[in-house]
Amino acid sequence: MRVMEVRGSYLLVETMALPANPNNSGGGNCPQHHRMRLHRNAVFVIERTNLVDGVVNAALLPADVFLSTGVGQQTARAATPILSTVGDVAMPLLLASKLTLGVLKTTGGATLSGVSAGVSAVVQQSQQDLQRRQQEASFHADQHGGGRTSKRGGNSKQNSGMSPPQYVQQYHFV
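This one's a predicted model, so the numbers in the text were calculated from it and none came from an experiment.

Thresholds applied
- Residues numbered from 1 in each chain as written.
- Predicted model: local features only at pLDDT ≥ 70, side-chain atom pairs only at ≥ 80, totals over all residues.
- Heavy atoms only, no water.
- Phe/Tyr/Trp six-rings, centres within 6.5 Å; stacked < 30°, edge-to-face > 60°.
- Lys NZ or Arg CZ within 6 Å of the ring centre and 35° of its normal.
- pLDDT = per-residue confidence, 0-100.
- Helix = DSSP H or I, 4+ residues; strand = E, 2+ residues; numbered from the N terminus.
- Contact = heavy atoms within 4.5 Å.
- Pairing = 2+ DSSP bridges.
- Axes fitted to C-alpha atoms, helices over the stretch in contact; angles between N-to-C directions.
- Buried < 20%, exposed > 50% of the residue type's maximum accessible area, 1.4 Å probe, protein only.
- Salt bridge = Lys/Arg side-chain N within 4 Å of Asp/Glu carboxyl O.
- Expected span 1.5 Å × (residues − 1).
- Bend = angle between axes of the 7 residues up to and from the residue.
- Polar contact = N/O pair within 3.5 Å; in protein donor to acceptor, adjacent residues only side chain to side chain.

1. Here's the deal with the packing of aromatic side chains
Here the structure, examined in full by the defined rule, presents zero aromatic pairs. Its end group placed over the ring of Y10, R37 keeps NZ or CZ at 4.3 Å from the ring centre.

2. Here's the deal with the confidence of the model for the protein chain
Here the protein chain averages 80 in pLDDT, and 75% of its residues register 70 or above. Of all the helices and strands in the protein chain, helix α4 (residues 156-160) carries the lowest mean pLDDT, 47, while helix α3 (residues 70-144) carries the highest, 91. Residue range residues 146-162 is modelled with pLDDT below 50. Its contacts to residues more than four positions away, or to other chains, number 17 contacts.

3. Describing the sheet that holds strand β2 (residues 10-17)
Reading across the sheet, the three strands line up as β1-β2-β3 and stay open at both edges, with antiparallel pairing between neighbours. A single partner strand is all that each edge strand has here, and the edge strands are β1 (2-7) and β3 (32-39). For this sheet the average axis-to-axis angle between neighbouring strands, irrespective of direction, equals 20°. Summarising the sheet, β2 and β3 pair through eight bridges and their orientation is antiparallel. Across the sheet, residue T15 finds its bridge partner in β3, namely H34.

4. Some points on the environment of L38
Structurally, the position occupied by L38 is in strand β3. With a relative accessible area of 22%, L38 lands in the partly exposed category. Those residues within four positions of L38 in sequence are excluded, and the remaining contacts are M1, S9, Y10, L11, V13 and V43.

5. With respect to the environment of M36
Following the sequence through the fold, M36 ends up in strand β3. A C-alpha to C-alpha distance of 10.0 Å links M36 and M4, two positions 32 residues apart in sequence. Those residues in contact with M36, other than ones at most four positions away along the chain, are L11, L12, V13 and T15.

6. Brief notes about the pattern of salt bridges
As a working rule, side chains carrying opposite charge can pair if their charged atoms are close by. All told, the structure shown has five salt bridges when counted by the stated rule. Across the salt bridge formed by E14 and R2, the nearest N and O atoms sit 3.1 Å from each other. Here E14, found in strand β2, pairs with R2, found in strand β1; they are twelve residues apart in sequence, far enough to count as distant. Here E14 and R35 are joined by a salt bridge, their closest N and O atoms 3.3 Å apart. One end of the pair, E14, is in strand β2; the other, R35, is in strand β3, and 21 residues separate them in sequence. When salt bridges that share partners are traced, they join R2, E14 and R35 into one network.

7. Let's talk about helix α2 (residues 51-67)
The terminal C-alpha atoms of α2 lie 24 Å apart, and with 17 residues this matches the ideal 24 Å at 1.5 Å per residue to within 8%. Along α2, the largest kink reaches about 40° and is centred on L60; proline P62 follows within four residues of it.

8. Here we look at the environment of H34
Mapping H34 onto the fold places it in strand β3. Among the residues examined, H34 registers a relative accessible area of 37% and is labelled partly exposed. As for H34 and T15, which are separated by 19 residues in sequence, their C-alpha atoms are 5.2 Å apart. Ignoring sequence-local partners within four residues, the contact set of H34 consists of V13, E14 and T15. In terms of polar contacts, H34 uses its side chain to reach the side chain of Q32, at 3.5 Å.

Written as structure tokens, this is what we have:
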């Protein structure tokens, strides 16, 4: 059975079968294709054909071959009570490790969020401080730059032969 199309919660599936009586079908031994529409809840997937399932099947193949022998079946019968007990004992450990991993995942996410917010706040504050310092430097340069007078009075350029004050080049960081 193959899924041909999915529409909403329904599947269009196709099956292929040889006729039960090749003499009466008129088609000989040609396979017959049948299609039907099924609800997705009515379908149970037995075999998947993706990479992960292929790797798992390949890994389990030696165990399947061993368990199909007589020695493997006797070993399985002898090991079943032991494996059942080990599973019962290991279950609390497995659940505790799942809980620990969940806590670590949540803690890690919260830590990353906090670090991100802290870095963002520091960068924003640094930019604001830089802009404030640039405005103060510009203000001081405007007040003290071109309006200085010498002791004799008048503009310093006119009286001392000095060039006008050089303004500090401002850099804007984004």
